[in-house]
Amino acid sequence: MSGDQPLPQSAAPTTEPGDLTPELIDTDIWTDEMVARAGIPVVPVPFVTVGGGIGSFVTVDYLRIYGVPAQQIVVLTGLDVPWQSYEYLTRVSQIPRTERLRSDSQSRPDNIWGFPSYALSEAFAAKSLKEFLWPLWNVFTEPILTNYFTPRAGQAFSTMEKEMNRIGYLQSVRKGQVRMVRRRAGGGYYTILTPPAGAAPTKRIAYQSQYVHIAIGYPGLRLLKDLQDYRERYRDPTKVVNAYEPHEQVYDQLRIRPGKVIVRGGGIVASRVLQRLIDDRDKYNLRTEILQVFRTFYTGPHGKNVFNRRPGGHGWAYQGFNYPKSVWGGQLKEKMAKLEGDARAQAYEEMGGTNTPFRKDWLEQLKRGRSQGWYREMQGAFDSLRPGPNGAGVVVAMSTQHGALEEYADFVVDCTGLEADIRESRVLADLLDHSGAGRNPKGRLDVNAQFEVIGTRSRPGRLYASGSSTLGGPFPGVDTFLGLQISAQEIADDLARLGFVKRLGPGRSIAQWWRWARNRPI
Amino acid sequence: MKVNFDDVPARVHPGRHHLVRLPGVVAIIRTDPGTDPDAARDLLERIQTSSRTAPTAPGRDLARQLSIWLSRFEETNGVAPGFGAISASENGVAIFLYGDISVTERVDDAELPPEDRVSLFGKDAAFTVDRLLPWPAGALQLIADDDADGELDIPEHAADVLASADGPMPAWAGFHRGVTPGGGLLFGPVTDHMSEPVVADVPAASGSHLAGPEVPVPSGPGSHGPVPGSSATLSSAAYDAEAMSDGEAMVAEPGSGERVAEDEPMVGGDAADGAPASAEPMAEAAGTSVPPPPAPSGAQVPPSPAGSAVPAPPSQRSVVPPPPSAGTPVVPPAPSAGTPVVPPAPSASPVPPPPSGAPVVPPPPSGAPVVPPPPSAGTPAAALAPPRLSELIQDGPAEPPRAPLPPAAPAPRQTAQQKAAEKAAGVKERPQDYVQGFRCSRKHLNDPRVSFCRVCGIRMDQMTGVLVEERRPPLGLLVLDVGATFVLDDNYVLGRNPESDAAVREGTLRPVRLDDTSGALSRVHAEIRLSGWDVVLIDRGSANGTYVAATDEQSWQRLAPNQHFVLTPGTHVRVGQRTFTFESSAARLR
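Since the structure is predicted, the reported quantities are computational estimates derived from the model, not experimental observations. (Residues numbered from 1 in each chain as written. Chains lettered and ligands numbered in written order. Predicted model: local features only at pLDDT ≥ 70, side-chain atom pairs only at ≥ 80, totals over all residues. Heavy atoms only, no water.)

Visitor: Any details on the overall build of chain A? Residues and values, ideally.
Guide: A count of helical and extended segments in chain A gives 16 helices and 22 strands. Evaluated residue by residue, chain A yields a buried proportion of 56% over its 522 residues. Surface accessibility of chain A: about 22400 Å² in total, with carbon and sulfur atoms responsible for 53%. (Helix = DSSP H or I, 4+ residues; strand = E, 2+ residues; numbered from the N terminus. Buried < 20%, exposed > 50% of the residue type's maximum accessible area, 1.4 Å probe, protein only. Areas by Shrake-Rupley, 256 points an atom, 1.4 Å probe, with all protein chains shown as cover.)

Visitor: Before we move on, can you summarise the packing of helix H10 (residues 268–283) of chain A against helix H13 (residues 360–372) of chain A with the specific residues and values?
Guide: All names here are of chain A. One way to put it is that H10 packs onto H13 with a least axis distance of 10 Å and a crossing angle of 65°. Seen from above, H10 lies across H13 with left-handed handedness. Here H10 contributes Ser271, Leu274, Gln275, Ile278, Asp279 and Asp282 to the contact with H13, which in turn contributes Asp361, Trp362, Gln365, Leu366 and Arg368. Taken together, the residues that form the contact of H10 with H13 break down as 4 nonpolar, 3 polar and 4 charged. (Axes fitted to C-alpha atoms, helices over the stretch in contact; angles between N-to-C directions. Left-handed = near helix turned anticlockwise from the far one by under 90°. Contact = heavy atoms within 4.5 Å. Nonpolar A, V, L, I, M, F, W, Y, C, P; charged D, E, K, R; others polar.)

Visitor: So what's going on with the interface of chain A and chain B? Residues and values would help.
Guide: Listed per partner, the contact involves 46 residues of chain A and 58 residues of chain B. Between chain A and chain B the total buried area reaches about 4000 Å² when both faces are included, carbon and sulfur atoms providing 50% of it. Connecting chain A to chain B are 0 salt bridges. Linking chain A to chain B there are 3 residue pairs in polar contact (both at pLDDT 80 or more). Broken down by secondary-structure element, the contributors of at least two residues to the side of chain A that touches chain B are helix H4 (84–92), strand S6 (177–184), strand S10 (221–222), helix H8 (225–234) and helix H9 (248–256) of chain A. (Buried area = accessible area lost by both parts, 1.4 Å probe. Salt bridge = Lys/Arg side-chain N within 4 Å of Asp/Glu carboxyl O. Polar contact = N/O pair within 3.5 Å; in protein donor to acceptor, adjacent residues only side chain to side chain.)

Visitor: Now, about the sheet that holds strand S11 (residues 240–242) of chain A: what can you tell me, with residues and values included?
Guide: All names here are of chain A. In space, the 5 strands of this open sheet follow the order S11-S20-S12-S13-S16, with parallel pairing throughout. Each having just a single partner strand, S11 and strand S16 (375–379) make up the two edges of the open sheet. The mean inter-strand angle of the sheet, taken between neighbouring strand axes irrespective of direction, is 20°. Taken strand by strand, H8 contacts S11, strand S12 (260–264) and strand S20 (411–414), and its axis lies near 130° from that of S11. (Pairing = 2+ DSSP bridges.)

Visitor: Can you explain helix H7 (residues 153–166) of chain A? Please cite residues and give values.
Guide: All names here are of chain A. In this model H7 runs 20 Å from its N-terminal to its C-terminal C-alpha over 14 residues, within 8% of the 20 Å that 1.5 Å per residue would give. The element H7 is largely enclosed, with a buried count of 10 among its 14 residues. Looking only at H7, the buried set comprises Ala153, Gly154, Gln155, Ala156, Phe157, Thr159, Met160, Glu163, Met164 and Arg166. Summarising the contacts, the buried residues of H7 are in contact with helix H3 (54–66), H4, helix H5 (118–124), helix H15 (481–497) and helix H16 (506–517). Backbone geometry just after H7 places Gly168 at a positive phi near 65°. (Expected span 1.5 Å × (residues − 1).)

Visitor: For the nonpolar core, give the residues involved together with the corresponding values.
Guide: Ranked by internal contacts, the top residues of the largest apolar core, which has 78 residues, are Ile214, Leu445 and Leu495 of chain A. The residues contacting Leu445 of chain A, other than those within four sequence positions of it, are Ile422, Leu428, Leu431, Leu432, Ala437, Gly438, Asn440, Val453, Ala465, Ser469 and Thr470 of chain A. If you look at the next biggest cluster of nonpolar residues, it comprises 26 residues, including Leu19, Val26, Ala88 and Val129 of chain B. (Core = buried A, V, L, I, M, F, W, Y, C linked by side-chain atoms within 4.5 Å.)

Visitor: An account of the packing of aromatic side chains is needed here, citing residue identities and associated values.
Guide: Under the counting rule described, the total for this entry stands at 27 aromatic pairs over all chains. Between Phe451 of chain A and Phe475 of chain A the ring centres are 6.4 Å apart and the planes differ by 75°, which places this aromatic pair in the edge-to-face class. With Phe451 of chain A in the loop between helix H14 (426–434) and strand S22 (462–465) and Phe475 of chain A in the loop between S22 and H15, this residue pair connects regions lying 24 residues apart in the sequence. Taking relative accessible area as the criterion, Phe475 of chain A reaches 8% and is therefore assigned buried. Geometrically, the ring pair formed by Trp69 of chain B and Phe83 of chain B is edge-to-face, given 6.1 Å between the ring centres and 75° between the ring planes. With Trp69 of chain B in helix H2 (residues 59–77) and Phe83 of chain B in strand S3 (residues 83–89), this residue pair connects regions lying 14 residues apart in the sequence. (Phe/Tyr/Trp six-rings, centres within 6.5 Å; stacked < 30°, edge-to-face > 60°.)

None of the figures reported here should be taken as evidence of function without further support.
Encoded structure:
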């Protein structure tokens, strides 16, 4: 080998083999030749699900139980396990594995039958009579004598792990980032995956499939502008935090010296953060002072008529789950399915809104705080944040019913978890721009009752979506465990009608449940 | 041929540049006078990162990292120092050269025609040489092309002589890991033909012009420039090396290096103390007494190394007058002498790694005069070769170039000024304040490993990850036991009196003074360094140690001195009787 003429190589990356070409990017419906011309390798597979979170997992679980072999399913994801992202968010928002989620006993992502429920499982795993009786008593008397039973986060994750192994979920997983889904001339779809650098010879891989399922969840948080401005302007990540981010340092510092915290928001996360602050206060004998700011302040029960009442008080709105329970199967479900357009948006408005479950423990804590004077609540909206005098703490400028107000605090914990627009997700934006998808009255992806994305059909293929990116459809509650299961069932039934998989009749269902119960592979 | 890169022996040849060996990589970084010491440190950091992320095959990543660094550096700071790296790749080696660095293949059987041997020259490339090669048959010689016509060759036979002494090259003679000064290295398997005493053809061929090859070296600045100069550069190299490579297998002793750099008298710094003191006398001695003697004088210039640090040097020097020239610890002279006499004495002293410090440190004045007279060894050398290098020393005109000598001692002060100037110009100018990351879809820079943007909370998988380099955002904070916090936007030194640290005075590190009445806290106790997106805790050799405990652990774990410990959020750290906690809002899923 003669190395006398070294070839200088530029550091700038040039077009890599198998990358997207302008032709592909600009064309809505791709032909096989176009993809071949770009040099992108094509992997044919019947069913592709994009996302790889709990939405994908539940759908794959249904299909596997219905009888689809693992080789016919591909899960495109960046996650290692389906609950990775969910567990992260619950952990940082103060629901570690030992704490209870706000979810119903029977919505089990690991069990499509919902039986035995979390409460039963917990009872049978109990080590004492009291631990055995308590969950049973709870589900028997809820929500009249007791609060709703809710499972521990750890229980949800460990049972999901068991089911994941049982159905061989990981065989179907392909790691990488999904760039786009486009329709294919002649039916079906191309899903473009960018595998991790170095994992594949080409920059992209195209999965050609008849059916695509999109469950990429919410595109991310949208931190309110005041908070973002403060971060970017003062480069200070310490004093103003969002509850969905790791913020242990706030509790660390409060443990060391007394301080004042402003908590903004009135949702479940706000109640968890308060509980953590007060638990620490009690445990370490601290003198933490808390001011809570609600944008909408409820002084009592509210609702448009006596049949639509929700309890409330001290700023909070109380509701067991994030939807009235009847949306999953009762008359509210029926009613919602018939509503279209503005009427649907209005209905969502009425049953939605920020609320939190009524749980005795932390409500008692707040009551104590109020009477001892270290907890106050008020109505207001943040205008701006700036560092306090000498760089200590933060000064929050607020506008309230009674005019402008400035409050000093050592920390601000923002518990308003706004979700970003679906256009912020590249995959969803591409669907809107190139594949004929539209928006529903809530601005999310418009799906029909079978969770097919309206306007994207590529005969004989179909494109489905579930999870929070479809919120606002004919079925509310899609962004819950049970909602994910219901959409997965609708999708599986639709696929059965198309002949992709056999319907799950009562006989097979019982047989499959029996396999589930004994933890036998499918 | 499947070869484990890290088992391949490497032999160091003397010189004043930095040689680096880390898992999967060997590299050389030029330290010509006037080059930016920060550049070398940055490069070292890059190499280290690549080696750490993919120790088995860092080749591709390294080439990419180096190209990126280089283009950025050249945009802002002008010409970068020459450097070259041989690194392991999936099925061979990757070679990356820039500037006056070459890689040539040495096979000493004639079967392989010369045109088939690897021969790459950094300066022939418009920008860089970047190659993937299968494992070569022979050894690769990675050197700084120091002499004017690029003919300077590494005496591979010196190694052979060594090796032939008793079987394979002794383990201690190889270069296994760390950073050391040198002019180049021979990197290759000890094959049979290499350990054969091919010595026969040595003197004739390359041995000739090797006479004291690169020790005296210096292309430009005159013969002596490099020697003291290198002591200065070495010192910083030693410091960096110590700091960078997990503290293991460090060749150069950090302490001494640092001391030289600060020019601060310290106990036990015999080598260092010797250096400044002897530098000038030595120069004079060399200047006056050396020229007169015959040509071989070139060969003695290298003796400088007789390294005060090397054990028992005096005795050796006095006892063995003839080979003193060879006695110079470093390998090359041996072949120059070519005679069989050489092996015994040098075999002891050549020790490349340990003397690393040595070669550069001029011998005590007393030693200097002694050496020149016995150029007895020189006579054969004179017969041997065209002592091209000696001529420089011999000639009258060679004198003026010695000007670079004086700067050698004050050099550290200069860099301090540069640092200060840099500081004044704004932290932004410091390359180590930049970091590579992914932008979120709203253009905020983030650690490639996080899942949600640290500023706006959007998911990071919205964009295909394209690495961009920007100023590093704060990486978290330290919550001290009294409730005070330090935002980690820079490198810090913690201690009772951190200002006593040289790096603090130079302005490269910022002090965090902790009060501790227990007396268990050292003046300079520990260092917090931002490395990429990681926050690294380093115990600076404190008397009572630095302890860490994970979030929910009760037991403290003591860090080894200079061990690099990457802090994870929630880690508690104890220095003396003080504790603090590291917290970060980086949204890592696990």
